[in-house]
Amino acid sequence: MNLVPDWGQFDAAAPLPQGEVKLGSPEHLTLFSRMLLDTHDPYRPALIDWPDLEPATRDKIVSLPIWDMAVQTEGRTGLFVKTFGETVKDPLLKAAVQMDAFEERRHKVVLADMVRAYGIELQPEPDYKKPKDPEWAFMRSGYSECIDSFFGFGLFKLAKDTGFFPPELIDTFEPVMREEGRHILFFVNWVAWWRRNMPWWRRPYFEAKVL
């Protein structure tokens, strides 16, 4: 995994907008972009100390039929967000989308490391194809995260409360869960901002994508 790249030139010390902020305004763009950039956690997957598990606990985790889908989803999402970021012109927004893409690709590395640590066998990964419509791919990824989190966060909490996942493994995954929440917050604000800034003639097609 490469070191954290340069996110572009923006003044991280610049004061954030205060008071009421109008959706679609430059202040709105500043707030949701800076939210993602300012709260980045620079952890490195290679340094994660995966806890030793009791054989019965490890067998339960290995038996879950989710690991292939999870790794492939993160791989595809990272490419989709990165491709969309290449089309963004505003420097601050571009830096935030690049951050989003970096963190999504890092999720894939975290999962791959966990799979190796616990001896989980995966199917060969497919080739991830660069999307022809970057905006559509970004929207698919964003709304998919919203839907997945509705179930995923609940199942994660259930696994924690029931002891299906041991506390030490839950703690290891906490940074990934926080990042997913940040990505959703960034995405829904981007949708609200872009709705109010796109050319009028693009709106019908955009709303069709949303549906």
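Residues numbered from 1 in each chain as written. Predicted model: local features only at pLDDT ≥ 70, side-chain atom pairs only at ≥ 80, totals over all residues. Heavy atoms only, no water.

## A look at the pattern of salt bridges
Within the structure shown, the criterion is met by 14 salt bridges. Note that R178 and D41 form a salt bridge whose closest N and O atoms lie 3.7 Å from each other. Of the two residues, R178 sits in helix 6 (residues 167-195) while D41 sits in the loop between helix 1 (26-38) and helix 2 (55-63), which places them 137 residues apart along the sequence. For R178, a relative accessible area of 47% puts it in the partly exposed group. With a shortest N-O distance of 3.3 Å, K108 and E125 are connected by a salt bridge. Here K108, found in helix 4 (residues 91-117), pairs with E125, found in the loop between helix 4 and helix 5 (134-162); they are 17 residues apart in sequence, far enough to count as distant. A relative accessible area of 37% places E125 in the partly exposed class. (Salt bridge = Lys/Arg side-chain N within 4 Å of Asp/Glu carboxyl O. Helix = DSSP H or I, 4+ residues; strand = E, 2+ residues; numbered from the N terminus. Buried < 20%, exposed > 50% of the residue type's maximum accessible area, 1.4 Å probe, protein only.)

## Describing a nonpolar patch on the surface
On the surface, I147, F150, F151, L155 and L158 cluster together into a nonpolar patch covering about 600 Å² of accessible area. Tracing the backbone through its elements, the reader meets F150 in helix 5. For F150, a relative accessible area of 66% gives the class exposed. (Patch = residues over 30% accessible without salt bridge, like charges linked within 9 Å, V, L, I, M, F, W, Y side chains within 5 Å. Areas by Shrake-Rupley, 256 points an atom, 1.4 Å probe, with all protein chains shown as cover.)

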